[in-house]
Amino acid sequence: VGDPWSGQVAFPGGRASASDPDAFAVAERETFEEVGIVLRPEHRIGALPMRAVERNVRRGGLTLWPFVYHVGAAERAQATARIPAEVASVFWVPIGHLFDEAAVTELEYPPGSGSPTWPGIQFGEHVIWGLTLRVLASFAEVMQRSLPALA
């Protein structure tokens, strides 16, 4: 309650603590805390560009620094919503689905408000949009591709 991202599809993440030796450690700790996946240095692919997040005006601007990891089936099987107050469910999206033009949709947010619509990717009952979609767009750019939802 009161979190501006409640109800949205998101990647694991959170604030750095004084005990985190670097930004990778933050990503790895938060991923384990939220979804139970143990990420190790050998899973690291690299960082995506940092971005300012202006949405949360109560705390001022935030900085998001996303990282890409590659995990196998064993790690994916570990994924579970460890903190139900923060994570409602965990699901995996095949990478090809992100580039499927048939998955492009729009989302009114907040729902039923008559607000403008936002581009998104429909995946089952979920819509990937907003900040998460922008992170995925950064990932697509690294792959020299673009997401149809943002075309």
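Our structure's up above, just so we're on the same page.
A brief structural summary. (Residues numbered from 1 in each chain as written. Predicted model: local features only at pLDDT ≥ 70, side-chain atom pairs only at ≥ 80, totals over all residues. Heavy atoms only, no water.)

**Things to note about the nonpolar core**
The tendency in soluble globular proteins is for nonpolar side chains to be buried as a group. Put simply, the test is: Note on terminology: a nonpolar core comprises buried Ala, Val, Leu, Ile, Met, Phe, Trp, Tyr and Cys residues joined through side-chain atoms within 4.5 Å. Exposure categories follow from relative accessible area, calculated using a 1.4 Å probe and restricted to protein chains: below 20% of the type maximum is buried, above 50% is exposed, and the middle band is partly exposed. In DSSP terms, a helix is any run of H or I states spanning at least four residues, a strand is any run of E spanning at least two, and both are numbered starting from the N terminus. Should any heavy atoms of two residues lie within 4.5 Å, those residues are considered in contact.
Core analysis: the largest hydrophobic core is formed by twelve residues, namely Val9, Leu98, Phe99, Ala103, Ile121, Ile128, Leu133, Leu136, Ala137, Ala140, Leu147 and Ala149. Looking at this core, the element that brings in the most residues is helix 4 (residues 130-142), giving four residues. Ignoring any residue separated from it by four or fewer positions in sequence, one finds isoleucine 128 in contact with Val9, Val93, Leu98, Pro119, Gly120, Ile121, Leu133 and Leu136. Listed in part, the nine residues of the second largest apolar core include Val35, Tyr69, Val71 and Val87.

**Thoughts on a nonpolar patch on the surface**
For clarity, the threshold we go by: What goes into a patch is any residue over 30% in relative accessible area without a salt bridge, connected to like charges within 9 Å or, for nonpolar side chains (Val, Leu, Ile, Met, Phe, Trp, Tyr), within 5 Å. Per-residue and other accessible areas follow the Shrake-Rupley method at a 1.4 Å probe size, with only the shown protein chains counted as cover for residues. Salt bridges are defined as contacts in which a side-chain nitrogen from Lys or Arg sits within 4 Å of a carboxyl oxygen from Asp or Glu.
A grouping of Ile95, Val142 and Met143 is seen on the molecular surface, where their side chains present a nonpolar patch of about 250 Å² in accessible area. Secondary-structure assignment places valine 142 in helix 4.

**A short note on the pattern of salt bridges**
Opposite charge on two side chains makes pairing possible when the charged atoms of those side chains draw close. For the coordinates displayed, the defined rule picks out four salt bridges. Across the pair glutamate 28 and arginine 44 runs a salt bridge whose closest N-O atoms are separated by 2.8 Å. Of this pair, glutamate 28 sits in helix 1 (residues 23-35) while arginine 44 sits in strand 1 (residues 44-47), and the two are 16 residues apart along the sequence. Under the relative-accessibility criterion, glutamate 28 is labelled buried at 12%. A salt bridge links glutamate 30 to arginine 29, with the shortest nitrogen-to-oxygen separation between them at 3.0 Å. Taking relative accessible area as the criterion, arginine 29 reaches 22% and is therefore assigned partly exposed. The network of salt bridges with shared partners includes Asp20, Arg29, Glu30 and Glu33.

**Brief notes about the environment of valine 71**
Relative to the helices and strands, valine 71 resides in the loop between strand 4 (67-69) and helix 2 (73-78). Taking the relative accessible area as the measure of exposure, valine 71 reaches 11% and is therefore buried. For the pair valine 71 and glycine 124, spaced 53 residues apart in the sequence, the C-alpha separation amounts to 23 Å. Residues contacting valine 71, with those up to four places away along its chain left out, are Leu39, His43, Arg76 and Trp92.

**Some thoughts on helix 4**
The following threshold applies: To estimate the expected span of a helix, subtract one from its residue number and multiply by 1.5 Å.
When the terminal C-alpha atoms of helix 4 are compared, their 19 Å separation across 13 residues agrees well with the 18 Å that a helix rising 1.5 Å per residue should span. Along helix 4, the positions that sit buried rather than exposed are Gly130, Leu131, Thr132, Leu133, Val135, Leu136, Ala137, Ser138 and Ala140. Buried residues in helix 4 make contact with strand 2 (51-53), strand 3 (62-64), helix 3 (95-98), strand 6 (117-123) and strand 7 (126-129).

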